[in-house]
Amino acid sequence: MIVTIDNISQIVKILRFPLAISVVMIHSFINGCNNIFTYLLQNIIFLSVPLFFIISGFYFTNSSKPYKQKIKDRLKKIAIPYLIWNTIAWIVSLRNTGFTLPSFDTYVSTPIDFPLWFLRDLFFLCLIQPLILWLASKYKGLILIFCCFVLYYFEYTIPYLEIRYNSIFFFSIGIILNTYIKIKPFNITKMAELYIYTITSILFILTIIYRDFFKVDSIQYSLYIVLGCITMSLLLLRNIQRIHITQHYKEFGASSFFIYASHTILINGAIKTICTHLPIPPELNIFLISSFTCIICLLMFFILKKYSLSLLKILNGGRI
């Protein structure tokens, strides 16, 4: 099986919407969700944000545009929506906190629309991408990987900006992947696939049994994440010819950013409050909260698309 830039692009089109739903599910967890079922679920949905970083590093490096133009594009796609959605979240929060002026923390170190830390990290990583790319070119990426492991070991976080080591690690993986696929597409044998599936399965089980050792932010859990992302991609590649992407599915994919940016404003409000008071198991509540949230976000997206396309383009960073 040959891994090329083109078939990776096909995988990304398939994954955009499910990954956005996975992020919603992560933020739908409530008290009482600490059992084998939720640990299994977490091991699957926790692949989403790292995979978004890997995809972002891959595509930013893959673009043939000049660096300055790519940064201008990221201002439109990342920075402006980041500021707008944080402002919306701040306005919504005033009903509980009373009027307070937004601070540096509101927009940067701890964004009030808290999932947007991903966009904050991503924009900064795009700015320093030439440095990461230069390190990736040294000794077949080993220098970059070594630097990432050092950051992991010391659990380094960039002061004030709060950009963390795992963001840098996964973004760098995407850069390394793109750099070497451009040189020569990967040829993955069935035996190599089998080894990857086996190791991933073993790590999957170990992360459940030894939760204290495989903490979410640890380097050992990140190794599982990397292999989990590779496994998911290989399974899709193996079956890519059987998967037909309809026009309706493409439209759902375009809503992924909108869902990502808006969902916690809803979850932290009425939906989570209502669902947590229902006499149902916490595990079911995860699916109930995330389902209602995604449905409402999708309704808002398609209403804006029909009646205020220009506003939606601004909110969605031009992704339509």
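Quick caveat, the model's predicted, so the values are computed rather than measured. (Residues numbered from 1 in each chain as written. Predicted model: local features only at pLDDT ≥ 70, side-chain atom pairs only at ≥ 80, totals over all residues. Heavy atoms only, no water.)

*Asks:* How do you make sense of the pattern of salt bridges when you look at a structure like this?
*Replies:* Between side chains of opposite charge, a pair can form as their charged atoms come close. Within this structure, the stated rule accounts for 4 salt bridges. Lys 65 is the salt-bridge partner of Asp 73, the closest N and O atoms lying 2.8 Å from each other. Taking relative accessible area as the criterion, Asp 73 reaches 17% and is therefore assigned buried. On the basis of relative accessibility, which here comes to 43%, the residue Lys 65 falls in the partly exposed class. A salt bridge links Glu 193 to Arg 238; its shortest N-O distance comes to 2.1 Å. With Glu 193 in helix H10 (residues 190-209) and Arg 238 in helix H11 (residues 219-238), this residue pair connects regions lying 45 residues apart in the sequence. We classify Glu 193 as buried; its relative accessible area is 4%. (Salt bridge = Lys/Arg side-chain N within 4 Å of Asp/Glu carboxyl O. Buried < 20%, exposed > 50% of the residue type's maximum accessible area, 1.4 Å probe, protein only. Helix = DSSP H or I, 4+ residues; strand = E, 2+ residues; numbered from the N terminus.)

*Asks:* Looking at this structure, how should I read helix H9 (residues 165-183)?
*Replies:* Helical geometry note: an α-helix holds 3.6 residues per turn, so side chains three or four residues apart project in the same direction. With 19 residues, H9 extends 27 Å between its outermost C-alpha atoms, agreeing within 8% with the 27 Å of an ideal straight helix rising 1.5 Å per residue. Judged by how many residues are buried, H9 sits mostly within the fold: 14 of 19 residues are covered. (Expected span 1.5 Å × (residues − 1).)

*Asks:* I'm lost on a nonpolar patch on the surface in this one. Help?
*Replies:* There is a patch of nonpolar side chains on the surface, built from Tyr 139, Leu 142, Ile 143, Ile 145, Phe 149 and Leu 223 and spanning about 570 Å² of accessible area. It is helix H8 (residues 142-153) that contributes the most residues to the nonpolar patch, 4 residues altogether. Inspection of the secondary structure assignment puts Phe 149 in helix H8. (Patch = residues over 30% accessible without salt bridge, like charges linked within 9 Å, V, L, I, M, F, W, Y side chains within 5 Å. Areas by Shrake-Rupley, 256 points an atom, 1.4 Å probe, with all protein chains shown as cover.)

*Asks:* Even after reading the chapter, I still don't get the nonpolar core, so can you show me in this structure?
*Replies:* As a rule of thumb, nonpolar side chains are buried together in soluble globular proteins. Ranked by internal contacts, the top residues of the largest apolar core, which has 74 residues, are Phe 53, Trp 85, Phe 118, Leu 119, Phe 170, Phe 171 and Ile 225. In terms of residue count, H11 provides more of this core than any other element does, 9 residues in total. Those residues in contact with Ile 225 that lie beyond four places of it in its chain are Phe 46, Leu 47, Pro 50 and Phe 170. Within the second largest apolar cluster, 11 residues are counted, among which are Ile 30, Ile 259, Ile 271 and Ile 289. (Core = buried A, V, L, I, M, F, W, Y, C linked by side-chain atoms within 4.5 Å. Contact = heavy atoms within 4.5 Å.)

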